[in-house]
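Inside the fold
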Amino acid sequence: ETAIRAANVEAFTDPLFQPLVRISSGAAWLEGVTLVGGAGGPYYSGTAYGIGSAVEMSAGVMTNCVIRDTYLGHYNGSEPTMLMSGGDVSDLLLTGCRNWSIAGGAPEGAAVRITGGTIDRTIVSNCWTYGSNSSGTQGSVLAVKGGNVRNALVVGCTAIRSAPVYISSGYLEHATIVCNT
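Residues numbered from 1 in each chain as written. Predicted model: local features only at pLDDT ≥ 70, side-chain atom pairs only at ≥ 80, totals over all residues. Heavy atoms only, no water.

Thoughts on the overall build of the protein
Of the regular secondary structure elements, the protein holds 0 helices and 17 strands. The buried share among the 181 residues of the protein stands at 51%. Intrachain contacts of the protein at a sequence separation of at least 6 include 78% that bridge at least 24 residues. Surface summary for the protein: the accessible area is close to 7,700 Å², and the carbon and sulfur share equals 52%. (Helix = DSSP H or I, 4+ residues; strand = E, 2+ residues; numbered from the N terminus. Buried < 20%, exposed > 50% of the residue type's maximum accessible area, 1.4 Å probe, protein only. Contact = heavy atoms within 4.5 Å. Areas by Shrake-Rupley, 256 points an atom, 1.4 Å probe, with all protein chains shown as cover.)

Structure below.
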């Protein structure tokens, strides 16, 4: 495998159909990158969830990055801002991630849904989610459905009709969850 490295980049996103960043190689390394924006329209229904994530990660390393001011939404739900099934993330800030649904449930994790891999030292702040019939896992800002999340701060987030953090499997260790509604 050839190592892939991106460092100190600022990108403005629009992940209407596909993620802006897809990390699927163990050799991939993303460092010091800021992803800004990202908007998904309310009427596209080409996938089961509607709108794609800004970042999809199944392998590799992501460190010292910022994802901010995303706005994803759909008539029948959408994916989270970051969809992670593997790899290692450290020193990540997610702020201003908004996700909504009119008819379906809001996403499992408006900011992050993790099913595998490790996230260490992350801040999730001022994120918001709404789903008109949210229940259970749906409507959360951070959904831990596998993998490990350590040293996390979830602050100032709103999850209408659900809890800001949802855990069904995996681990959430050394977390501070404060001032959320």
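Structural notes on the pattern of salt bridges
Inspection of the entire model under this criterion finds 4 salt bridges. One salt-bridge network, in which partners are shared between bridges, spans Asp91, Asp120 and Arg121. (Salt bridge = Lys/Arg side-chain N within 4 Å of Asp/Glu carboxyl O.)

Comments concerning the environment of glutamate 108
Along the chain, glutamate 108 turns up in the loop between strand S11 (98-101) and strand S12 (112-114). What makes glutamate 108 buried here is its relative accessible area of 14%. With 29 residues separating them in the primary sequence, glutamate 108 and glutamate 79 have C-alpha atoms 7.5 Å apart.

Some remarks on the state of the cysteines
Within this structure, the stated rule accounts for 0 disulfides. Take cysteine 97: it sits in no disulfide, and the sulfur closest to it among the cysteines is that of cysteine 127, at 3.9 Å. Classification of cysteine 97 as buried rests on a relative accessible area of 0%. (Disulfide = S-S within 2.5 Å.)

Considerations on the nonpolar core
Of all hydrophobic cores here, the largest spans 33 residues; its most connected members are Met62 and Met82. Counting residues per element, this core draws most heavily on strand S15 (residues 142-155), at 5 residues. Excluding residues within four positions of it along the chain, methionine 62 makes contact with Leu30, Met57, Ile67, Met82, Asp88, Val89, Ser90 and Leu92. (Core = buried A, V, L, I, M, F, W, Y, C linked by side-chain atoms within 4.5 Å.)

Notes on the environment of arginine 150
Looking at where arginine 150 falls in the secondary structure, it is placed in strand S15. Along the chain, arginine 150 and aspartate 120 lie 30 residues apart, while their C-alpha atoms are 4.8 Å from each other. Among all residues touching arginine 150, those that are not within four sequence positions of it are Thr118, Ile119, Asp120, Arg121, Thr122 and Glu173.

Some points on the confidence of the model for the protein
A residue-level look at the protein finds 69% of positions with pLDDT of 70 or above and a mean pLDDT of 78. Taking the mean pLDDT of every element in the protein, the minimum, 50, falls on strand S2 (residues 10-13) and the maximum, 97, on strand S13 (residues 118-125). (pLDDT = per-residue confidence, 0-100.)

Here's the deal with the environment of cysteine 157
Its place among the elements puts cysteine 157 in the loop between S15 and strand S16 (158-160). Overall, the relative accessible area of 1% leaves cysteine 157 in the buried class. In this structure, the C-alpha to C-alpha distance between cysteine 157 and asparagine 180, residues 23 residues apart in sequence, is 4.8 Å. If we skip the residues at most four places from it in the chain, cysteine 157 touches Val124, Ser125, Asn126, Cys127, Val141, Cys179, Asn180 and Thr181.

A short note on the pairing of S13
For a regular strand, side chains alternate in direction, first toward one face of the sheet and then toward the other. Among the 8 residues of S13, 6 are classified as buried, and the element is accordingly described as predominantly covered. Of the pairings in the sheet, the one linking strand S10 (residues 88-95) to S13 comprises 7 bridges and is parallel in character. Among the inter-strand pairings, leucine 92 is bridged to a residue of S13, identified as threonine 122. Pairing analysis gives 7 bridges linking S13 to S15, with the strands arranged parallel. Within S15, the residue paired with isoleucine 119 across the bridge is valine 149. (Pairing = 2+ DSSP bridges.)

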